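This is what each chain is made of:
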Amino acid sequence: MTQSLSRRVVAITGALGNLGETLADMAAAQGADLVLIDQATIALPSSHNRLVLSGVDLASLADCQEIARQINRYFGRLDALVNGAGGYAWEPLLGGTIDAWDRLYTLNLRTALNASKTLLPLLLQSSAGRIVNIGASMAAKAGLGMGAYAASKSSVLRLTESLAEELKDMSITVNAVLPSILDTPQNREAMPDAEHQRWVTPAQLAAVILFLISEQASAVTGTGIPVIGRM
């Protein structure tokens, strides 16, 4: 495989999720040094080309500031940030709770907002900085019970567009991927009768993310790229 990310430092939040683990493996195969960030404990040691940061609350600006300090001490640089942390809930307004809206805002938007803000000083030192946010195809139109989730993911896309405009003359691109249903064990268990072969695999979505953080995508910024399989 081409080492297209050789000598690039890539930070991945939500690194323990299905997408995060797949993306990390594929980025490492292309030569990237990794910063793996998750709220849960990651059962991997740090090494010369991998910094593991467990127990991180990305909703806390102080925790994110500490991430920036540790990355700077460990690698002295950062070239790409993939905001993969997030969450999902089905919650109708009638009979549901308002708390779900606050919770999904925190999980999906605030985490990306905090990580981007605190890591920007490091990214600005890169000759070709990259930010990729994980949105959702649902950001365009919400279905029944999907209002809170869709609103939070739509906010991620608005953040992407606004930040891309802010940084477009600073050698940093900012993009989002907008996947439909990911083919994960959890989703298969929740929807056993669905046509799983129509879903997007984590590897397929990771391939699009890897393109967006590559040199080949230097002219792409401010976009939300649908990755919907055959849905």
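Scroll up to find the structure.
Now for a quick tour of the structure. None of the values given here were measured: they were computed from a predicted structure.

As for the pattern of salt bridges
Item 1. Applying the stated rule across the entire model yields seven salt bridges.
Item 2. A salt bridge links Glu-66 to Arg-69; the shortest N-O distance between them is 3.0 Å. Of this pair, Glu-66 and Arg-69 are both found in helix H2 (residues 61–74), three residues apart, which corresponds to roughly one turn of the helix.
Item 3. Take Glu-66: its relative accessible area is 28%, and that puts it in the partly exposed class.

Thoughts on the sheet that holds strand E4 (residues 80–83)
Item 1. Taken in spatial order, the seven strands of this open sheet run E3-E2-E1-E4-E5-E6-E7, and their pairing is parallel. Both edges of this open sheet fall to strand E3 (50–53) and strand E7 (224–227), since each of them pairs with a single strand only. Pairwise comparison of adjacent strand axes, ignoring direction, gives a mean angle of 15 degrees for this sheet.
Item 2. Sheet topology places strand E6 (residues 172–179) next to E7; four bridges connect them, and they run parallel. The residue of E7 that forms the bridge with Leu-178 is Pro-226.
Item 3. On the sheet, helix H1 (residues 18–29) packs against strand E1 (9–13), strand E2 (33–37), E4 and strand E5 (129–134) and is oriented at approximately 170 degrees with respect to E2.

What to know about helix H6 (residues 202–212)
Item 1. Turning to H6, its buried residues number three or more, namely Pro-202, Leu-205, Ala-206, Ile-209, Leu-210 and Leu-212. Down the axis of H6, the smallest arc covering the buried residues is 155 degrees, so these residues share one side.

As for the environment of Tyr-74
Item 1. Mapped onto the fold, Tyr-74 is located in helix H2.
Item 2. Judged by its relative accessible area of 37%, Tyr-74 is partly exposed.
Item 3. As for Tyr-74 and Val-35, which are separated by 39 residues in sequence, their C-alpha atoms are 9.6 Å apart.
Item 4. Contact partners of Tyr-74, with chain neighbours within four places excluded, come to Ser-46, Ser-47, His-48, Arg-50 and Leu-51.
Item 5. At 2.6 Å, the side chain of Tyr-74 forms a polar contact with the backbone oxygen of Ser-47.

Parameters at a glance
- Residues numbered from 1 in each chain as written.
- Predicted model: local features only at pLDDT ≥ 70, side-chain atom pairs only at ≥ 80, totals over all residues.
- Heavy atoms only, no water.
- Salt bridge = Lys/Arg side-chain N within 4 Å of Asp/Glu carboxyl O.
- Helix = DSSP H or I, 4+ residues; strand = E, 2+ residues; numbered from the N terminus.
- Buried < 20%, exposed > 50% of the residue type's maximum accessible area, 1.4 Å probe, protein only.
- Pairing = 2+ DSSP bridges.
- Axes fitted to C-alpha atoms, helices over the stretch in contact; angles between N-to-C directions.
- Contact = heavy atoms within 4.5 Å.
- Arc of directions from axis to C-beta.
- Polar contact = N/O pair within 3.5 Å; in protein donor to acceptor, adjacent residues only side chain to side chain.

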